[in-house]
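Architecture at a glance
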Amino acid sequence: MNCRKCPRLVEFRERISKEKRRQFADFEYWGKPVPGFGDPDASLVIVGLAPAAHGGNRTGRVFTGDSSAKFLVRHLYEAGFANQPTSESRDDGLLYKDCYITAAVRCVPPDNKPTRQEIATCERYFEQELVLLRNCKAILVLGKVAFDSVLGFSRKYHKTKGTFKFQHGQKYRFAEDFPVVFGSFHPSPRNTNTGKLTSSMFSAVLRNIRKELQ
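Given the structure is predicted, the values throughout are model-derived calculations rather than measurements.

Here the focus is the side chain of Ser-154. Within the fold, Ser-154 resides in helix α5 (residues 144-158). When its relative accessible area of 0% is taken as the criterion, Ser-154 is described as buried. What Ser-154 contacts, discounting residues up to four positions off in sequence, is Lys-159, Thr-160, Phe-174, Ala-175 and Phe-178.

Dropping the structure here:
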(Lines give C-alpha, C1' and ligand atoms only; values in the text may rest on other atoms or scores of the structure.)
Protein backbone atom coordinates (compact mmCIF):
# COMPACT_ATOMS: atom_id res chain seq x y z
CA MET A 1 0.00 0.00 0.00
CA ASN A 2 3.05 2.27 0.18
CA CYS A 3 4.24 1.56 -3.37
CA ARG A 4 5.15 4.57 -5.53
CA LYS A 5 6.97 2.78 -8.35
CA CYS A 6 4.76 4.07 -11.20
CA PRO A 7 4.90 7.91 -11.34
CA ARG A 8 1.96 8.25 -13.74
CA LEU A 9 -0.31 6.08 -11.57
CA VAL A 10 0.78 7.78 -8.34
CA GLU A 11 0.03 11.22 -9.79
CA PHE A 12 -3.34 10.12 -11.14
CA ARG A 13 -4.60 8.26 -8.04
CA GLU A 14 -3.65 11.17 -5.76
CA ARG A 15 -5.13 13.81 -8.08
CA ILE A 16 -8.43 11.92 -8.23
CA SER A 17 -8.41 11.74 -4.43
CA LYS A 18 -8.18 15.53 -4.21
CA GLU A 19 -10.49 16.50 -7.06
CA LYS A 20 -13.11 13.86 -6.15
CA ARG A 21 -16.49 13.32 -7.76
CA ARG A 22 -19.19 15.75 -6.66
CA GLN A 23 -21.37 13.04 -5.09
CA PHE A 24 -18.39 11.98 -2.94
CA ALA A 25 -17.17 15.47 -2.06
CA ASP A 26 -17.32 14.77 1.69
CA PHE A 27 -15.68 11.35 1.37
CA GLU A 28 -12.03 10.86 2.34
CA TYR A 29 -10.55 9.00 -0.63
CA TRP A 30 -8.15 6.10 -0.12
CA GLY A 31 -5.83 7.21 -2.94
CA LYS A 32 -3.27 4.39 -2.53
CA PRO A 33 -2.65 0.96 -4.03
CA VAL A 34 -5.64 -1.29 -3.32
CA PRO A 35 -4.90 -4.75 -1.86
CA GLY A 36 -6.82 -7.93 -2.58
CA PHE A 37 -9.74 -8.90 -0.36
CA GLY A 38 -11.48 -12.10 0.66
CA ASP A 39 -10.85 -15.56 2.05
CA PRO A 40 -7.10 -16.39 1.96
CA ASP A 41 -8.00 -20.11 1.88
CA ALA A 42 -10.40 -19.65 -1.02
CA SER A 43 -10.89 -22.20 -3.79
CA LEU A 44 -11.94 -19.43 -6.20
CA VAL A 45 -9.71 -16.46 -7.00
CA ILE A 46 -11.14 -13.64 -9.13
CA VAL A 47 -8.74 -11.33 -10.97
CA GLY A 48 -9.82 -7.91 -12.21
CA LEU A 49 -8.01 -5.17 -14.09
CA ALA A 50 -7.38 -2.36 -11.58
CA PRO A 51 -9.24 -0.24 -9.00
CA ALA A 52 -11.90 2.16 -10.27
CA ALA A 53 -11.25 5.88 -9.81
CA HIS A 54 -14.28 6.42 -7.57
CA GLY A 55 -14.66 2.79 -6.49
CA GLY A 56 -11.60 1.03 -5.09
CA ASN A 57 -9.47 4.17 -5.27
CA ARG A 58 -12.08 5.92 -3.11
CA THR A 59 -13.03 3.13 -0.69
CA GLY A 60 -9.75 1.24 -0.38
CA ARG A 61 -11.30 -2.13 -1.20
CA VAL A 62 -11.31 -3.88 -4.54
CA PHE A 63 -14.70 -3.88 -6.35
CA THR A 64 -16.38 -1.60 -3.82
CA GLY A 65 -18.59 1.44 -4.29
CA ASP A 66 -19.01 1.54 -8.06
CA SER A 67 -21.16 0.09 -10.86
CA SER A 68 -18.83 -2.84 -11.55
CA ALA A 69 -19.02 -3.81 -7.87
CA LYS A 70 -22.83 -3.73 -7.92
CA PHE A 71 -22.93 -6.18 -10.82
CA LEU A 72 -20.16 -8.47 -9.61
CA VAL A 73 -21.08 -8.78 -5.93
CA ARG A 74 -24.79 -9.30 -6.59
CA HIS A 75 -23.94 -12.27 -8.80
CA LEU A 76 -21.38 -13.62 -6.33
CA TYR A 77 -24.03 -13.45 -3.61
CA GLU A 78 -26.56 -15.29 -5.79
CA ALA A 79 -23.93 -17.96 -6.52
CA GLY A 80 -23.12 -18.39 -2.82
CA PHE A 81 -19.69 -16.74 -2.85
CA ALA A 82 -20.66 -13.67 -0.76
CA ASN A 83 -22.67 -13.11 2.43
CA GLN A 84 -24.52 -10.07 1.01
CA PRO A 85 -25.39 -8.67 -2.43
CA THR A 86 -23.78 -5.24 -2.04
CA SER A 87 -20.28 -3.80 -1.69
CA GLU A 88 -20.32 -0.14 -0.70
CA SER A 89 -17.55 0.49 1.87
CA ARG A 90 -14.81 -1.26 3.83
CA ASP A 91 -17.00 -1.45 6.94
CA ASP A 92 -20.22 -2.67 5.30
CA GLY A 93 -19.87 -6.23 6.60
CA LEU A 94 -19.17 -7.88 3.24
CA LEU A 95 -17.44 -11.26 3.45
CA TYR A 96 -16.57 -13.56 0.60
CA LYS A 97 -17.19 -17.28 1.00
CA ASP A 98 -14.44 -19.48 -0.43
CA CYS A 99 -13.60 -16.55 -2.73
CA TYR A 100 -10.76 -14.01 -2.95
CA ILE A 101 -10.65 -10.99 -5.28
CA THR A 102 -7.57 -9.17 -6.51
CA ALA A 103 -6.39 -7.24 -9.57
CA ALA A 104 -3.55 -7.30 -12.06
CA VAL A 105 -2.74 -3.64 -11.29
CA ARG A 106 -3.20 -2.14 -7.80
CA CYS A 107 -3.54 1.56 -8.69
CA VAL A 108 -6.23 3.24 -10.78
CA PRO A 109 -4.91 4.01 -14.30
CA PRO A 110 -6.09 6.90 -16.49
CA ASP A 111 -8.91 5.74 -18.80
CA ASN A 112 -8.65 2.30 -17.15
CA LYS A 113 -5.64 1.57 -19.37
CA PRO A 114 -2.39 0.71 -17.58
CA THR A 115 0.72 0.63 -19.73
CA ARG A 116 2.66 -2.57 -20.31
CA GLN A 117 5.42 -1.24 -18.06
CA GLU A 118 2.96 -0.48 -15.26
CA ILE A 119 1.50 -3.98 -15.51
CA ALA A 120 5.01 -5.45 -15.42
CA THR A 121 5.98 -3.31 -12.41
CA CYS A 122 2.91 -4.42 -10.46
CA GLU A 123 3.53 -8.04 -11.42
CA ARG A 124 5.70 -8.69 -8.36
CA TYR A 125 2.76 -8.07 -6.03
CA PHE A 126 0.31 -10.03 -8.15
CA GLU A 127 2.63 -13.02 -8.41
CA GLN A 128 3.39 -13.06 -4.69
CA GLU A 129 -0.32 -13.02 -3.93
CA LEU A 130 -1.07 -15.98 -6.22
CA VAL A 131 1.76 -17.95 -4.65
CA LEU A 132 0.26 -17.38 -1.19
CA LEU A 133 -3.26 -18.44 -2.25
CA ARG A 134 -2.36 -22.09 -1.93
CA ASN A 135 -5.87 -23.54 -1.85
CA CYS A 136 -6.91 -21.99 -5.17
CA LYS A 137 -8.64 -24.49 -7.48
CA ALA A 138 -10.19 -22.10 -10.01
CA ILE A 139 -9.38 -18.61 -11.28
CA LEU A 140 -11.95 -16.30 -12.89
CA VAL A 141 -10.30 -13.65 -15.05
CA LEU A 142 -12.31 -10.52 -15.77
CA GLY A 143 -11.06 -9.24 -19.11
CA LYS A 144 -7.97 -9.69 -21.25
CA VAL A 145 -5.47 -7.86 -19.03
CA ALA A 146 -6.34 -10.16 -16.13
CA PHE A 147 -6.19 -13.14 -18.50
CA ASP A 148 -2.74 -12.17 -19.77
CA SER A 149 -1.45 -11.65 -16.22
CA VAL A 150 -2.62 -15.08 -15.06
CA LEU A 151 -1.27 -16.72 -18.21
CA GLY A 152 2.08 -14.99 -17.69
CA PHE A 153 2.22 -16.27 -14.12
CA SER A 154 1.44 -19.78 -15.30
CA ARG A 155 4.17 -19.64 -17.95
CA LYS A 156 6.70 -18.41 -15.39
CA TYR A 157 5.90 -20.73 -12.49
CA HIS A 158 4.23 -23.74 -14.15
CA LYS A 159 6.05 -23.93 -17.50
CA THR A 160 2.89 -23.40 -19.53
CA LYS A 161 3.41 -23.76 -23.28
CA GLY A 162 1.24 -23.04 -26.27
CA THR A 163 -1.12 -20.29 -27.39
CA PHE A 164 -4.29 -19.35 -25.53
CA LYS A 165 -6.88 -16.80 -26.68
CA PHE A 166 -9.11 -14.91 -24.27
CA GLN A 167 -12.82 -15.62 -24.74
CA HIS A 168 -15.83 -15.07 -22.56
CA GLY A 169 -17.18 -18.30 -21.10
CA GLN A 170 -14.09 -20.29 -22.06
CA LYS A 171 -12.48 -22.79 -19.70
CA TYR A 172 -8.69 -23.20 -19.82
CA ARG A 173 -6.14 -25.70 -18.63
CA PHE A 174 -2.81 -23.88 -18.69
CA ALA A 175 -0.98 -26.71 -16.90
CA GLU A 176 -1.83 -29.89 -14.99
CA ASP A 177 -0.64 -28.43 -11.69
CA PHE A 178 -2.37 -25.06 -12.22
CA PRO A 179 -5.93 -24.06 -11.26
CA VAL A 180 -8.62 -24.22 -13.94
CA VAL A 181 -9.06 -20.77 -15.49
CA PHE A 182 -12.42 -19.33 -16.59
CA GLY A 183 -12.74 -16.28 -18.81
CA SER A 184 -15.36 -13.54 -18.55
CA PHE A 185 -15.79 -10.07 -19.95
CA HIS A 186 -15.14 -7.45 -17.28
CA PRO A 187 -18.34 -6.26 -15.51
CA SER A 188 -17.65 -2.63 -16.39
CA PRO A 189 -20.55 -0.30 -17.20
CA ARG A 190 -19.30 -0.22 -20.79
CA ASN A 191 -19.89 -3.97 -21.06
CA THR A 192 -23.01 -4.37 -18.88
CA ASN A 193 -24.85 -1.31 -20.23
CA THR A 194 -24.31 -2.33 -23.86
CA GLY A 195 -25.28 -5.97 -23.37
CA LYS A 196 -21.82 -7.30 -24.12
CA LEU A 197 -22.01 -8.88 -20.67
CA THR A 198 -25.47 -9.80 -19.37
CA SER A 199 -26.60 -11.25 -16.06
CA SER A 200 -27.38 -14.60 -17.66
CA MET A 201 -23.94 -14.73 -19.29
CA PHE A 202 -22.12 -14.05 -16.04
CA SER A 203 -24.35 -16.36 -14.00
CA ALA A 204 -23.59 -19.16 -16.45
CA VAL A 205 -19.85 -18.71 -15.87
CA LEU A 206 -20.31 -18.84 -12.10
CA ARG A 207 -22.42 -22.00 -12.41
CA ASN A 208 -19.65 -23.66 -14.39
CA ILE A 209 -17.14 -22.65 -11.72
CA ARG A 210 -19.38 -24.16 -9.02
CA LYS A 211 -19.53 -27.44 -10.94
CA GLU A 212 -15.75 -27.44 -11.27
CA LEU A 213 -15.21 -26.84 -7.56
CA GLN A 214 -17.72 -29.53 -6.58
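Text resumes after the structure shown.
To continue, consider the nonpolar core. Membership of the largest hydrophobic core comes to 27 residues, with the highest contact counts inside it found for Leu-76, Ile-101, Leu-140 and Ile-209. For this core, the secondary structure elements donating two or more residues are β2 (44-48), α3 (67-78), β3 (99-103), β4 (138-142), β6 (180-184) and α7 (199-213). If near-sequence neighbours (up to four positions away) are discounted, Leu-76 is found in contact with Ile-46, Phe-81, Ala-82, Tyr-96, Ile-101 and Leu-206.

The backbone of Lys-20 sits at a positive phi, close to 60 degrees, despite the residue not being glycine. Of note, Lys-20 is situated in the loop between α1 (7-19) and β1 (37-38). Even without being a glycine, Asn-112 presents a positive backbone phi close to 60 degrees. By the secondary structure assignment, Asn-112 is in the loop between β3 and α4 (116-132). The exposure class assigned to Asn-112 is partly exposed, which follows from its relative accessible area of 48%.

Below, the discussion takes up the state of the cysteines. Counted by the stated rule, this structure contains zero disulfides. With no disulfide of its own, Cys-6 has Cys-3 as its nearest cysteine by sulfur position, at a separation of 6.2 Å. Here Cys-107 stays free of any disulfide, with the sulfur of Cys-3 as its closest cysteine sulfur at 6.5 Å.

We now examine the sheet that holds β3. Here six strands make up an open sheet; going across it, the order is β1-β3-β2-β4-β6-β5 and the pairing mixed. The sheet is open, and its two edges are formed by β1 and β5 (171-172), each paired on a single side. Sheet topology note: the β2/β3 ladder contains five bridges and is parallel. Bridging across to β3, Val-45 finds its partner in Tyr-100. Relative to the sheet, α5 contacts β2, β4, β5 and β6, its axis offset from that of β4 by approximately 140 degrees.

Below, the discussion takes up α5. A rise of 1.5 Å per residue sets the reference length of α5, with its 15 residues, at 21 Å; its end C-alpha atoms lie 20 Å apart and thus fit the reference within 8%. Listed as buried for α5 are Ala-146, Phe-147, Ser-149, Val-150, Leu-151, Phe-153 and Ser-154. Elements in contact with the buried residues of α5: β2, α4, β4, β5 and β6. Downstream of α5 by one or two residues, Lys-159 has phi in the positive range, about 55 degrees.

Now for the environment of Ser-17. Looking at the secondary structure, you find Ser-17 in helix α1. A polar contact is formed between the side chain of Ser-17 and the backbone oxygen of Arg-13, at a distance of 2.8 Å.

This part is about the pairing of β6. Within β6, five of the five residues are buried, which leaves it mostly tucked inside the rest of the structure. Burial along β6 is two-sided: Val-180, Phe-182 and Ser-184 facing one way and Val-181 and Gly-183 facing the other are all buried. As defined by bridge partners, β4 adjoins β6 across five bridges and the pair is classed as parallel. Bridge pairing links Ile-139 to Val-181 in β6. Two strands pair when backbone bridges link them, and β5 and β6 are joined in this way by two bridges, in the antiparallel orientation. Note that in β6 the partner of Tyr-172 across the bridge is Val-181.

This paragraph deals with the packing of aromatic side chains. Following the criterion strictly, the structure yields eleven aromatic pairs and no others. With 6.1 Å between their ring centres and 40 degrees between their planes, Phe-153 and Phe-178 make a pair best called tilted. Within this pair, whereas Phe-153 is found in helix α5, its partner Phe-178 is found in the loop between β5 and β6, the two being separated by 25 residues in sequence. Pair check on accessibility: Phe-153 and Phe-178 agree, each one buried. Consider the rings of Phe-166 and Phe-185, whose centres lie 6.3 Å apart with planes at 65 degrees: the pair is edge-to-face. Placement of Phe-166 in the loop between α5 and β5 and of Phe-185 in the loop between β6 and α6 (189-192) is noted, with a sequence separation of 19 residues between them. Classification of Phe-166 as buried rests on a relative accessible area of 15%. Through successive ring pairs, a cluster of aromatic residues spans Phe-147, Phe-153, Tyr-157, Phe-164, Phe-166, Tyr-172, Phe-174, Phe-178 and Phe-185.

Cut-offs applied
Residues numbered from 1 in each chain as written. Predicted model: local features only at pLDDT ≥ 70, side-chain atom pairs only at ≥ 80, totals over all residues. Heavy atoms only, no water. Helix = DSSP H or I, 4+ residues; strand = E, 2+ residues; numbered from the N terminus. Buried < 20%, exposed > 50% of the residue type's maximum accessible area, 1.4 Å probe, protein only. Contact = heavy atoms within 4.5 Å. Core = buried A, V, L, I, M, F, W, Y, C linked by side-chain atoms within 4.5 Å. Disulfide = S-S within 2.5 Å. Pairing = 2+ DSSP bridges. Axes fitted to C-alpha atoms, helices over the stretch in contact; angles between N-to-C directions. Expected span 1.5 Å × (residues − 1). Polar contact = N/O pair within 3.5 Å; in protein donor to acceptor, adjacent residues only side chain to side chain. Phe/Tyr/Trp six-rings, centres within 6.5 Å; stacked < 30°, edge-to-face > 60°.

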